[in-house]
Amino acid sequence: MKVKNNRSTLEKKLINSIKYLSPEDIEKIKAACDFSASAHFGQKRISGEEYITHPLNVAISLANLSSDSETIIAGLLHDVVEDTNFTYQDISREFGDRVAKLVDGVTKISQIKDKKKILKLSYFHDYSEQIDNYRKVLAAMAGDPRVIIIKLSDRLHNAQTLSWLSGEKKIFYALETIEIYAAVADRLGMGEIHGQLCDLSFPHAYPDEYKKFIEIIRPIQKIRQQNVEDVITEVNLLLKNESIGAEINGRVKRDYSLYKKLQTYNFDLAKIYDFIAVRIIVDSLSDCYKTLGIIHANYQPIEHKITDYIARPKENGYQSLHTVVKKDGFVFEVQIRTDEMHQNAEYGIAAHWKYKDSEYKNNRPNIKSELNWLEEISQSISNGYKLTNGKKFFSSKVFVFSPNGKIFELPANSTPIDFAFLVHTDIGLSCTGAKINGKLLPLDTKLKTGDVVEIIKSDKPKPSRDWLNFVQTTQAKNKIKNFFFNLEKPRLIKDGQKKVADELARLGLPQLTESNFNKYSLRINQSRLPYENIDSVFASIAKNDQSIIDFLRVILDDQEIGKDEKISKYTPKGSISLGIGQGIPYKIARCCKPKISDDIIGYITLQQKITVHKKSCAETKKFSKQRIISAKWQ
Ligand code: MN
């Protein structure tokens, strides 16, 4: 194959695309080109090109994103530590510690262990949780968001040269690019890189599907292209008449995303409206909505197909108005957005570099802004993890590996015990020691991202109460507590039963009979009490976690407990003095509504309230004698 891009052409291209940087920065970048070229001297890409063509391509991509000079230099040097004799110190000495740190981050990511295993597992078993964790490890290891951008640009060039690889290696690379790198780019809202990475890898990751896909889709796209061009001309005119300045084009949906969409719709082509979308970029937010109105006035909108991603942006920040309309039986999607929204959709966080954060570009990034970036990135990557109040992802999570390469996510400060319980309850309970990165370390050692943790077990469960002092996860805490609770349970049940018996005696109520325990358990299940059976309640009562009276209310019959004591709204003229003292509040019972001159008694209900009944009231026959008190009118 002809070698198209040699070093000097690419260098010229790079210098041309960094004109936004200062002359000093440009000099430094030139020096980095020389350094990288001599470091990689003699090395070749599989394509046969000089190795330096790779870092140069990476640097050009970074420059196209308006990256700062440190990022571009690190892009030029990103493979130096891994693939040449030069070290971190060499780079730090030549280009400063900040550049060296970026290079180090990129090197670390490429050294994530066992990624092949993870990806293979996922490919065959739809093990998407592992994939998700891999993405997060990538974010956590990167540390600086610029590391991820460099890594993405690196992968972009490698994906462009995928056809030079062969066999399993090619498939792995293509899959990894789609599942990990493209996904990360998507989470960062970098639509352009995301799309390129997917489309470059698609033919290599799924060659057969790709072939079929192209056969079906290309002819359709050709016809649609013509339809859309007619629409564009029309819309141009419509907007001009309303004096709305707009840039309108037909956007062919990218292959891989179209393929995925077809998959979700079971390859029913009739359900796809965005083979080609009409994209309208306008000057202002209000023009977005005005334009939508004009479109709907002139084309028939399809119901339920209007999506306002401006008011409700996608999770990765994407904003746009989408609608689907019909023209002469031809259905197509229209996307309306401002230029800023468009830049955000294409470049994601890198658009901040370009447009908002010029301070970041020109000055040395201060620590504060770096942290904000970190949070932003990590939040967008940790899909599904709703982090409230912008809590720092990196300081709140660690990712560790099992010896066979599975990734586990734990809260910060987690210990081998937390890890063991996350793997399996039995492993947690029988844990006696832990090897971290091959070294035997105490069980309260705090785990760090990237640690490989191996648990040493005994045959039988041997947990320690001390573990409760340092475990971080509720899972581990509960499992440990549960273990000891179950050990003590028989004693606790007895204690609880005794407490209940004492209380029943005090209240003058009949004792619980064991033959009724099943009935009681049933009532507990039907109640709001959080217990499986009566024994658990006894245990809980023994620990003073459960009030006896609430328990009795659930299991005893209404009349036994006096729950149904109906209170009358009727208030008698006279006041009543009770045998147990003056000024004690009471209620008049509804069943008999005693009047002045009736003989009356007071009754202490289980709720420790007093109701007043006629002495002759039939209800009083059910009352426990010990809780009847004397009462008379005053
Ligand atoms: Mn590379």
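Before any of the text, the structure's been laid out above.
Keep in mind the model is a prediction, meaning the values are calculated, not measured. (Residues numbered from 1 in each chain as written. Predicted model: local features only at pLDDT ≥ 70, side-chain atom pairs only at ≥ 80, totals over all residues. Heavy atoms only, no water.)

Draft legend 1. Summary view of the nonpolar core. Among the nonpolar cores identified, the biggest contains 94 residues, and Leu14, Ile72, Leu77, Leu152, Met190, Val278 and Ile280 are the most heavily contacted of them. Here this core gets ten residues from one element, more than from any other, and that element is helix α13 (residues 207–241). Split by domain, the residues of this core number at least three in each of domain 1 (7–205) and domain 2 (209–355). Ranked by size, the runner-up nonpolar core spans 25 residues in total, among them Leu512, Ile534, Ile549 and Ile555. (Core = buried A, V, L, I, M, F, W, Y, C linked by side-chain atoms within 4.5 Å. Buried < 20%, exposed > 50% of the residue type's maximum accessible area, 1.4 Å probe, protein only. Helix = DSSP H or I, 4+ residues; strand = E, 2+ residues; numbered from the N terminus. Domains from an automatic or database assignment.)

Draft legend 2. Layout of the sheet that holds strand β11 (residues 453–457). Ordered in space as β10-β9-β11, the three strands form an open sheet in which the pairing is antiparallel. Edge positions in the sheet fall to β10 (439–441) and β11, since each has one partner strand and no second. Adjacent strand axes in the sheet meet at a mean angle of 35 degrees when their direction is disregarded. Taken together, the three bridges between strand β9 (residues 431–436) and β10 define a ladder with antiparallel strand orientation. In the strand pairing of β10, Ala434 is matched with Leu441. (Pairing = 2+ DSSP bridges. Axes fitted to C-alpha atoms, helices over the stretch in contact; angles between N-to-C directions.)

Draft legend 3. Spotlight on the coordination of the manganese ion. Bound to the manganese ion on the protein side are His54 (NE2), His78 (NE2), Asp79 (OD) and Asp154 (OD), at distances that span 2.2 to 2.3 Å. On the basis of relative accessible area, His54 is assigned to the buried category, the value being 0%. (Donors = N, O, S within 2.8 Å, 3.2 Å for Na, K, Ca; no water.)

Draft legend 4. Expanded view of the layout of surface pockets. Of the pockets and cavities examined, the second largest pocket occupies roughly 660 Å³. For the lining of the second largest pocket, the secondary structure elements donating two or more residues are α5 (80–83), α7 (97–110), α8 (115–125), α10 (145–160) and α11 (167–187). Residue composition of the lining of the second largest pocket, grouped by class: nine nonpolar, eight polar and 13 charged. (1 Å grid on protein atoms, 1.4 Å probe; cavity = no way out; pocket = protein on both sides within 12 Å on 5 of 7 lines; lining within 4 Å. Points joined across faces, edges and corners; volume = space filled by probe spheres on them. Nonpolar A, V, L, I, M, F, W, Y, C, P; charged D, E, K, R; others polar.)

Draft legend 5. Representation of unusual backbone geometry. Positive phi outside glycine occurs at Ser243, with the angle close to 55 degrees. Counting through the fold element by element, Ser243 comes out in the loop between α13 and β1 (246–252). Given the relative accessible area of 65%, Ser243 is considered exposed. A positive phi is found at Lys593, a non-glycine position, where the angle reads about 35 degrees. Among the secondary structure elements, Lys593 is positioned in the loop between β13 (587–588) and β14 (600–604). The exposure class assigned to Lys593 is partly exposed, which follows from its relative accessible area of 37%.

Draft legend 6. Quick look at the side chain of His40. Among the secondary structure elements, His40 is positioned in the loop between α2 (23–39) and α3 (53–64). Judged by its relative accessible area of 2%, His40 is buried. Engagement of the side chain of His40 in a polar contact is seen with the side chain of Gln43, the distance being 2.7 Å. The residues touching His40, leaving out its near neighbours within four places in the chain, are Tyr51, Pro55, Asp79, Val80, Asp83 and Thr84. (Polar contact = N/O pair within 3.5 Å; in protein donor to acceptor, adjacent residues only side chain to side chain. Contact = heavy atoms within 4.5 Å.)

Draft legend 7. Representation of the packing of helix α12 (residues 191–205) against helix α14 (residues 255–264) in the model. Where α12 contacts α14, the two axes come as close as 7 Å, and the packing angle between them is 70 degrees. In this view, α12 runs roughly perpendicular relative to α14, as classed from their interaxial angle. Between α12 and α14, the contacting residues are Cys198, Asp199 and Phe202 on the first element and Asp255, Tyr256 and Tyr259 on the second. Residues of the contact of α12 with α14, tallied by class, amount to four nonpolar, no polar and two charged. (Parallel < 35°, antiparallel > 145°, perpendicular 65-115°, else oblique.)

Such coordinate-based values are descriptive only and should not be taken to indicate function.
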